[in-house]
Amino acid sequence: MTPDDEPDPAADTLEGGSGPGRVRKTGPSRREGPRDGTRSGPRSSRGPRGRTSYGPYPRGRGVPLPLLLPALLGLAFLLLPLLALLVRAPWSALPDQLTSAEVWQALRLSLVCATSATVVCLVLGVPLAWLLARTDFPGRGLVRALVTLPLVLPPVVGGVALLLALGRNGIVGQWLDSWFGVTLPFTTTGVVVAETFVALPFLVISVEGTLRAADPRYEEAATTLGASRFTAFRRVTLPLIAPGIAAGAVLAWARALGEFGATITFAGNFPGRTQTMPLAVYLALQNNPEAAIALSLVLLTVSIAVLAGLRDRWMTPS
């Protein structure tokens, strides 16, 4: 054997090691691209967990007309009523309208009732969301469906259901009236109850989604170190899901502030006692349209503020 015929150990690159009986790989592997540093095939970015994410539609290509026209019509349909509200608003008389006794009374009552309903939603909704996200029990899917039912239930139907359940002759309300002398319909407390009924699902859905995204191993580690389940929830879980709770509370507060159907059905429309801003808008539209527009602008401002506060959570594309 001549020196030229001897095998070169350094150049002998093998998949399973080197030695006799092994086949040496020659040429580039299947996974290797061209040696000039360029890539073949379309480029794509890798998102979380290795999933391929594609960017927006290329700018060089035009948007198809059958898609562009309905999209513009839908955008105009959503923006035109809001623009009409801003154009027809009595800006010069707006300070006088907002400082009138009736409007201020409705504003104050709405803020107090919406805040009280949000507190009730936090007390009841966070444990309910934890139960749905962290435990497994028979009928959990049915319970989740019932919790989210007020989202699709017409508010007027919800008010009728509250009357049948908590009214003076209702299933539970008759015992509240006879035993404790508590009457909920057509009272300020009834407004809070109606707003809680329609706003609670928003908080539960937000907190449950945050709980499912949080790693449960932190709670398990806390329990293995001797903490009880409630202590682990209070000291570990709550700080982890605090942003989700805040987002759900804001959504619940905004929903309670704008509630109309269940409130007018269960609590009535009594100025100073049950007349919230949406009810005041409905009543003022018949007698004082400028006051109705002023109150509508307040509700519009609150809605924009809620969207601005939640833009990082709900409006940022992933």
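Just so we're clear, the structure is a prediction, and the values are computed from it rather than from any experiment.

Right, let's get into the overall build of the protein chain. Assigned secondary structure in the protein chain consists of 14 helices and two strands. Considering the protein chain as a whole, with its 318 residues, one finds that 30% of them fall into the buried category. Considering only residue pairs separated by 6 or more positions, the protein chain has 68% of its internal contacts joining residues 24 or more positions apart. Summed over its atoms, the accessible surface of the protein chain is roughly 21000 Å², and 64% of this surface lies on carbon and sulfur atoms.

Attention now moves to helix α4 (residues 140-152). Across its 13 residues, α4 extends 19 Å between first and last C-alpha, which sits within 8% of the 18 Å expected from 1.5 Å per residue. Leucine 146 marks the point of greatest bend in α4, at about 25°, and the proline proline 150 comes within the next four residues.

Within the protein chain, residue pLDDT values average 80, and 78% of them lie at 70 or more. Note on residues 314-318: pLDDT under 50 across the span, and six contacts to partners over four residues away in sequence or across chains.

Attention now moves to unusual backbone geometry. Residues other than glycine seldom take positive phi values, yet phenylalanine 186 does so here, at roughly 60°. In this structure, phenylalanine 186 sits in the loop between α6 (173-180) and α7 (188-213).

Two elements in contact, α7 and helix α10 (residues 242-257), have axes separated by 8 Å at closest approach and are oriented at 160°. Here α7 lies roughly antiparallel to α10, going by the angle between them. When the axes of α7 and α10 are compared, the crossing they make is right-handed. Together, Glu195, Val198, Ala199, Phe202, Leu203, Ser206, Val207 and Thr210 of α7 and Gly244, Ile245, Ala247, Gly248, Ala249, Leu251, Ala252, Arg255 and Ala256 of α10 make up the contact between the two elements. Residue composition of the contact of α7 with α10, by class: 11 nonpolar, four polar and two charged.

Leu203, Val207, Leu211, Met277 and Leu295 are the most contacted members of the largest nonpolar core, which totals 42 residues. Elements that contribute at least two residues to this core include exactly α3 (101-134), α7, α10, α12 (277-287) and α13 (289-309). If one sorts the elements of this core by residue count, α3 sits on top with 13 residues. Beyond its immediate stretch of four places on either side in the chain, leucine 211 contacts Ala129, Trp130, Ala133, Arg134, Thr237 and Ile241. In terms of nonpolar packing, the next biggest core, distinct from the first, is built from seven residues, Leu162, Leu166, Ala194 and Val198 among them.

Under the criterion given, the structure shown has five aromatic pairs. Here the aromatic rings of tryptophan 175 and tryptophan 179 are separated by 5.3 Å at their centres, their planes lie at 45°, and the arrangement is tilted. Placement of the pair is tryptophan 175 and tryptophan 179 together in helix α6, with a separation of four residues, close to one helical turn. Within the aromatic cluster, the residues linked to one another by ring pairs are Trp175, Trp179 and Phe180.

Here we come to the packing of helix α1 (residues 65-87) against α13. Running from N to C, α1 and α13 point in directions that differ by 125°, and their axes come no closer than 10 Å. The angle between α1 and α13 falls in the class oblique. When the axes of α1 and α13 are compared, the crossing they make is left-handed. Between α1 and α13, the contacting residues are Leu82, Leu85 and Leu86 on the first element and Ile293, Ser296, Leu297 and Leu300 on the second.

The full count for this structure, using the stated rule, is six salt bridges. Two residues, glutamate 219 and arginine 134, come together in a salt bridge whose shortest N-O distance is 2.9 Å. Note that glutamate 219 is positioned in helix α8 (residues 217-224) and arginine 134 in helix α3, a separation of 85 residues in sequence. The burial state of glutamate 219 is the same as that of arginine 134; both residues are buried. The closest approach of N and O atoms between aspartate 177 and arginine 168, which form a salt bridge, is 3.8 Å. What makes arginine 168 exposed here is its relative accessible area of 52%. What emerges from the salt-bridge pattern is a single network uniting Arg144, Glu208 and Arg212.

This part covers the side chain of threonine 237. Position of threonine 237 relative to the elements: it lies in helix α9 (residues 229-240). Excluding its chain neighbours within four sequence positions, the residues that come into contact with threonine 237 are Leu211, Glu219 and Ala232.

The next point concerns α7. The first and last C-alpha atoms of α7 sit 38 Å apart over 26 residues, in line with the 38 Å expected at 1.5 Å per residue. When the local axis directions of α7 are compared, the greatest deviation, roughly 40°, occurs at alanine 199, which is followed within four positions by the proline proline 201.

A word on the side chain of glutamate 219. Note on glutamate 219: relative accessible area 8%, which makes it buried. There is a polar contact of 2.9 Å between the side chain of glutamate 219 and the side chain of arginine 134. Each residue touching glutamate 219, except ones within four places of it in the same chain, is listed here: Trp130, Arg134, Ala232, Val236 and Thr237.

Conventions adopted
- Residues numbered from 1 in each chain as written.
- Predicted model: local features only at pLDDT ≥ 70, side-chain atom pairs only at ≥ 80, totals over all residues.
- Heavy atoms only, no water.
- Helix = DSSP H or I, 4+ residues; strand = E, 2+ residues; numbered from the N terminus.
- Buried < 20%, exposed > 50% of the residue type's maximum accessible area, 1.4 Å probe, protein only.
- Contact = heavy atoms within 4.5 Å.
- Areas by Shrake-Rupley, 256 points an atom, 1.4 Å probe, with all protein chains shown as cover.
- Expected span 1.5 Å × (residues − 1).
- Bend = angle between axes of the 7 residues up to and from the residue.
- pLDDT = per-residue confidence, 0-100.
- Axes fitted to C-alpha atoms, helices over the stretch in contact; angles between N-to-C directions.
- Parallel < 35°, antiparallel > 145°, perpendicular 65-115°, else oblique.
- Left-handed = near helix turned anticlockwise from the far one by under 90°.
- Nonpolar A, V, L, I, M, F, W, Y, C, P; charged D, E, K, R; others polar.
- Core = buried A, V, L, I, M, F, W, Y, C linked by side-chain atoms within 4.5 Å.
- Phe/Tyr/Trp six-rings, centres within 6.5 Å; stacked < 30°, edge-to-face > 60°.
- Salt bridge = Lys/Arg side-chain N within 4 Å of Asp/Glu carboxyl O.
- Polar contact = N/O pair within 3.5 Å; in protein donor to acceptor, adjacent residues only side chain to side chain.

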